[in-house]
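Summary of the model geometry
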Amino acid sequence: MHGNDATLDEPADDDPAFLALIDDDGRVEPRDAMPQGYRQSLVRQIAQHAHSEIIGMQPEGSWIGRAPSLRRKAILMAKVQDEAGHGLYLYAAAETLGVDRVDLLDRLHAGKQKYSSIFNYPTPTWADIGAIGWLVDGAAITNQVPLTRCSFGPYARAMVRICKEESFHQRQGFEILHTLSHGTTEQHEMAQQAVDRWWWPSLMMFGPADDESPNSARSMRWGIKRFSNDELRQRFVDMTVPQARALGLTLPDPDLAYDEATGHWHFGEIDFSELFDVINGNGPLNAERMAHRRGAHERGAWVRAAADAYAAKHASRSAGTAA
Amino acid sequence: MHGNDATLDEPADDDPAFLALIDDDGRVEPRDAMPQGYRQSLVRQIAQHAHSEIIGMQPEGSWIGRAPSLRRKAILMAKVQDEAGHGLYLYAAAETLGVDRVDLLDRLHAGKQKYSSIFNYPTPTWADIGAIGWLVDGAAITNQVPLTRCSFGPYARAMVRICKEESFHQRQGFEILHTLSHGTTEQHEMAQQAVDRWWWPSLMMFGPADDESPNSARSMRWGIKRFSNDELRQRFVDMTVPQARALGLTLPDPDLAYDEATGHWHFGEIDFSELFDVINGNGPLNAERMAHRRGAHERGAWVRAAADAYAAKHASRSAGTAA
Amino acid sequence: MSSRGWPLWEVFVRARRGLAHTHVGSLHAPDAEMAVRNARDVFTRRSEGVSIWVVPAAAITASSPDEKDAFFDPAGDKVYRHPTFYEVPEGVEHL
Amino acid sequence: MSSRGWPLWEVFVRARRGLAHTHVGSLHAPDAEMAVRNARDVFTRRSEGVSIWVVPAAAITASSPDEKDAFFDPAGDKVYRHPTFYEVPEGVEHL
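Residues numbered from 1 in each chain as written. Chains lettered and ligands numbered in written order. Predicted model: local features only at pLDDT ≥ 70, side-chain atom pairs only at ≥ 80, totals over all residues. Heavy atoms only, no water.

**Some remarks on helix H1 (residues 16-23) of chain A**
All names here are of chain A. Along H1, the residues that are buried comprise Phe18, Leu19 and Ile22. Each buried residue of H1 sits inside an arc of 95 degrees when the element is viewed along its axis, so together they form one side. More than 90 degrees from the buried face of H1, the exposed residues found are Pro16, Ala17 and Asp23. Elements that come into contact with the buried residues of H1 comprise helix H2 (36-55) and helix H9 (216-221). (Buried < 20%, exposed > 50% of the residue type's maximum accessible area, 1.4 Å probe, protein only. Helix = DSSP H or I, 4+ residues; strand = E, 2+ residues; numbered from the N terminus. Arc of directions from axis to C-beta. Contact = heavy atoms within 4.5 Å.)

Right under this line is the structure:
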């Protein structure tokens, strides 16, 4: 049911009928004709999103065995399972555009496609797991909610499912931090340090400032993006500042101040040079994440082979029975 | 996806778990285990319903060529198309119970399964088409609306679709009668005579009185029926009497009187001996309807054969191309 | 469809009794049994369904979007199929 | 499945762009092309759909209702998968 042959008679990037459908808030479906640029933008974005989900399993996965209680282990396992599932939804959505998951994984492993830089930061303490849930998932949800109205049907439907499932992720992170913040002095300090580590990287998850984001306008014209990077970042800050207060933790930005005139929280300047450095492979854990991913893929080869062998054996038995 | 093998481990007719599902207003789906009696009741009822739809095409179908305007012809054609479609929905719903449409048609043609006796009455004038739409479809809709909540999922879903589509059927009949009733004296008289012909048979469409309807209790226990024959008949009378007044036509029952105490219209005694006579094959047109149905099936044989031949040729060509 | 690896399966879930199966997405699996099992793990982790259907994507035939307008046109100009086409005298109910 | 006559096809309709295909019923037809065409005539007479999928009923594999409870059980005892499991201090919003 996928659109492998839809490159025939492809409309131009500014095809009036295509843009009219977008303007009408209509949805594009896999077998529709669509501009090559639209298809390529979506493949790139959805694949990067899928890669982020499965790379994102690593920092938390490493804490499942060390989580401080059975309850916390079970919750963390459920969250990492969700991330695997979200990766699957997204690879499947990308495949409706005529690409193959196997190729997307190959491109990830070859370093030809990106994943979110946020997962290149380390999680040295249990409080980091709380900060990831609260801040990283909070930023992700802020980004993802508008994607449920993305112009490409399969991506939008996958995002509806993901947002619904993810609504527990942020809460469990908040709960971890709330518990630590109201615990011993050492626990409170641990929570504060984790927030100090994750605040700025979380703000960078929304991408460069609008005037530095060359593809944004096109994505917005095509209904892939609904809000600019800066709009979403501001929305996230406005939601998060009061939550930090409820946690009894401070956000590491001396310039944070409520602006009565605009009704928004003003925040300090973001050091994007760090972001670009991480994107370019120089983050604390880029090499480790990629090595782990490639290793997991290689170590999983026997599982795939075994499933193949089982299916083949089962099929030949069924054939034998039927004959 | 159908339940052909579900006769294994079949629960008893009064299986507590099955009755609990019904009491909980749950729906039974094709692959669920279900009592044999439940399955058989449903097959009988859905098949009879399906047969009624396709036999019901005859009295109106015969008027398509004679309808008094292009508008009326187009409407009548759309209505007869709907009836064919409704027959298909219902045969498909019956097939989810593990029977085969081909067998159901064979049983109809062999006189082993019934259809609604109402279609054994003749339609001598154009006004009869109006009376069928207003009274016969009106009675059918009264019967069918509660079936949208029938306990068997595929039947309930088919009825939702049918009720939605049928909502125009009664209106077009009302419109025909309204036009005739407000036309010439002869036209008014023609409308009145048609209503005189169809009123009592329409009341009989709800089946025998409750105390003469042995299977009703079981069907209600199983959530197949939601209201008794007499309840539905009363509901139909209450809706129809004011409509007759709006048409400027009288209903042929001297005992019709509004009962202030109950808020219902009281009506005269129904001569069910006529109904049973028609059911037993002695209606005005039983033989003709069956002969026409069998003839249509036989005359359609070449269409089925041609479609088969076309599909075979197409398949062998595709195979040739692929090789 | 996948050119390499496992075949692609389309997954349909019945959310609860009484509702029809709805398409929820697709997945790769070596056979139908594994596809059903994986579909359960992926699409019904929160009791989103009581029944799952999987179909090889290759077994689906779709109406062609290229001829979409012409294909669905016959329904377009038959307004008399809708009840609102008919005038009902004021005050007449249940029709 | 039909033992005689034409094979049975399950029909799915996308009501409008942006929605998933939903199962609407089944029909018999000699091949997939005729099944799509007949599905259009039967299930979209009033513009109920913008896309139709047909699948041979025989190509569908379903979760078994006999093991339904055990099959879907894993989702039953994991309440922490739902956001309502977590306590949120009074007054905290957007969480």
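**A few points about the packing of aromatic side chains**
Going through the model one piece at a time under the given rule, you end up with 29 aromatic pairs over all chains. Seen in terms of ring centroids, Tyr80(D) and Phe85(D) are 6.3 Å apart; in terms of plane orientation they differ by 70 degrees. Their pairing is edge-to-face. For Tyr80(D), a relative accessible area of 15% gives the class buried. Aromatic ring contacts, followed pair by pair, group Phe168(A), Tyr80(D), Phe85(D) and Tyr86(D) into a single cluster. The lysine or arginine in question, Arg161(A), covers the ring of Tyr89(A), its NZ or CZ lying 5.6 Å from the ring centre. Positioned above the aromatic ring of Phe227(A) is the side chain of Arg235(A), whose terminal nitrogen or guanidinium carbon lies 4.3 Å from the ring centre. (Phe/Tyr/Trp six-rings, centres within 6.5 Å; stacked < 30°, edge-to-face > 60°. Lys NZ or Arg CZ within 6 Å of the ring centre and 35° of its normal.)

**What about the interface of chain B and chain D?**
Tallying the contact residues gives 27 residues for chain B and 25 residues for chain D. For the pair chain B and chain D, the number of links is four salt bridges. Arg45(D) serves as the salt-bridge partner of Glu165(B), at 2.7 Å between the closest nitrogen and oxygen. Counting the contacts that link chain B with chain D gives eight residue pairs in polar contact (both at pLDDT 80 or more). Where the side of chain B that touches chain D is concerned, the elements lending two or more residues are helix H4 (70-95), helix H5 (101-109), helix H7 (153-181) and helix H13 (301-322) of chain B. Considering every element that reaches the side of chain B that touches chain D, the biggest residue donor is H4(B), with eight residues. Looking at side-chain class alone, the side of chain B that touches chain D contains nine nonpolar, six polar and twelve charged residues. (Salt bridge = Lys/Arg side-chain N within 4 Å of Asp/Glu carboxyl O. Polar contact = N/O pair within 3.5 Å; in protein donor to acceptor, adjacent residues only side chain to side chain. Nonpolar A, V, L, I, M, F, W, Y, C, P; charged D, E, K, R; others polar.)

**Comments concerning the packing of helix H4 (residues 70-95) of chain A against helix H5 (residues 101-109) of chain A**
All names here are of chain A. Their axes nearest at 9 Å, the elements H4 and H5 cross at an angle of 115 degrees. Considered as vectors, H4 and H5 are oriented roughly perpendicular to each other. Two secondary-structure elements touch here, H4 through Tyr91, Ala94 and Glu95 and H5 through Arg101, Leu104, Leu105 and Leu108. Here the contact of H4 with H5 is built from residues that sort into five nonpolar, no polar and two charged. (Axes fitted to C-alpha atoms, helices over the stretch in contact; angles between N-to-C directions. Parallel < 35°, antiparallel > 145°, perpendicular 65-115°, else oblique.)

**Quick look at the interface of chain C and chain D**
Between chain C and chain D, the contact holds 36 residues from the first and 36 residues from the second. Contact with chain D buries surface across chain C, with Trp53(C), Phe71(C) and Phe72(C) losing the most and accounting together for 18% of the total. Across the chain C-chain D interface, the total number found is twelve residue pairs in polar contact (both at pLDDT 80 or more). Among the elements of the structure, strand S1 (8-14), strand S2 (21-28), helix H1 (32-43), strand S3 (51-56), strand S4 (61-62) and helix H2 (68-72) of chain C are those that each provide at least two residues to the side of chain C that touches chain D. The element best represented in the side of chain C that touches chain D is S3(C), accounting for six residues. Looking at the side of chain C that touches chain D, its residues break down into 17 nonpolar, ten polar and nine charged. Bridge count for S3(C) against strand S4 (residues 61-62) of chain D is two bridges, and the pairing is antiparallel. Bridging across to S4(D), Trp53(C) finds its partner in Ala62(D). (Buried area = accessible area lost by both parts, 1.4 Å probe. Pairing = 2+ DSSP bridges.)

Function-wise, these values are silent; they only describe arrangement.
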